[in-house]
Amino acid sequence: MEKSRVLIIGGTGHIGKHIVAASVRLGHPTSILIREFAPSDPVKGDLFDHKSLVKAIKCADVVISAVGPRQVAEQTRIIAAIKEAGNVKRFVPSEFGSDVDRLHTVDPAASLYAVKAKLRRLIEAEGIPHTFVSCNSFAETYLPSIGDVTAIGAGPPASKITVLGDGDAKAVFVVEDDIATYTMRAVDDARTLNKILYMRPPANVVSHNELISMWEKKAGRTLQKVHVPEEEILKWIKEAAFPLNILLSLALSIFVRGDQANFDIDPAVGVEATQLYPDVIYTTVDEYLGHLP
């Protein structure tokens, strides 16, 4: 089967770079929307220039948006351009996180996810063929600090670790390369058309307590867990600056309320990536932890 031509908007961002690489690796003619000339196979265009956006979209079968949090609301511009172009077989908006319709948290994450949910409703109302990607937690964000959201970017803790709530809620961690591979496998798959593509690798559905225990075995030492009750987390979120406030409000949903794994996937609306593509060998949490310093 001939591979769809893919246009990636936001292809230089955190998850965008992985999607570009997976698209090329899987044989899709791949273009990245850019404002200025750059290496690779760019298409000149601008999210804020409707005419150039329509022109770029007319050269693609599949449009994938990987724009960052600050540009999520601007995706209405992509939707308008897709409608005008009239040729797109599939649109993948920038979600790449928890299921936006099943997130229970407070601002600032609540507002961001409300915008994403509103975009879903607009895409559905406009009749645009789509796949919504619910990949859950980026492994490269959460696993290096062993799930300690207060220490993201700092590497594994030496002796103490902050645990939000009781640490028993199940979370889902997926390595970015695997997120990109599953996303690109889905774009030409009839089974994912107008569905949510959930990523729940069985070995990667773990609680924070389980994650800490896995690390302790590898590191050969025990960490002192400092549990933070929900009332304290809510206070922290109000006092924290960006980006810690958004990370904490997301963590409230992931690590305390268990929003990523506390429901069964409804086959009427969603499909699970590892079940659809059992031939994809994903990186397990255990393997990932094994590569940490």
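Summary of the structure given here. (Residues numbered from 1 in each chain as written. Predicted model: local features only at pLDDT ≥ 70, side-chain atom pairs only at ≥ 80, totals over all residues. Heavy atoms only, no water.)

Brief notes about the pattern of salt bridges
Next, step 1: Tallying each qualifying case throughout the model produces 14 salt bridges.
Next, step 2: A salt bridge links R77 to E74; its shortest N-O distance comes to 2.7 Å.
Next, step 3: On the basis of relative accessibility, which here comes to 36%, the residue R77 falls in the partly exposed class.
Next, step 4: E210 serves as the salt-bridge partner of K170, at 2.9 Å between the closest nitrogen and oxygen. Taken as a pair, K170 in strand β9 (residues 170-174) and E210 in helix α7 (residues 208-219) lie far apart in primary sequence, 40 residues in all. (Salt bridge = Lys/Arg side-chain N within 4 Å of Asp/Glu carboxyl O. Buried < 20%, exposed > 50% of the residue type's maximum accessible area, 1.4 Å probe, protein only. Helix = DSSP H or I, 4+ residues; strand = E, 2+ residues; numbered from the N terminus.)

Some details on the sheet that holds strand β11 (residues 205-207)
Next, step 1: Strands sit in the order β7-β9-β11 across an open sheet of three strands; the sheet is mixed. If you trace the sheet from one side to the other, it starts and ends with β7 (137-138) and β11, each paired once.
Next, step 2: Looking at chain direction, β9 and β11 are connected through three bridges and run antiparallel. Opposite K170, over in β11, you have S207 as the bridge partner.
Next, step 3: Running at roughly 90° to β11, α7 makes contact with β9 and β11 of the sheet. (Pairing = 2+ DSSP bridges. Contact = heavy atoms within 4.5 Å. Axes fitted to C-alpha atoms, helices over the stretch in contact; angles between N-to-C directions.)

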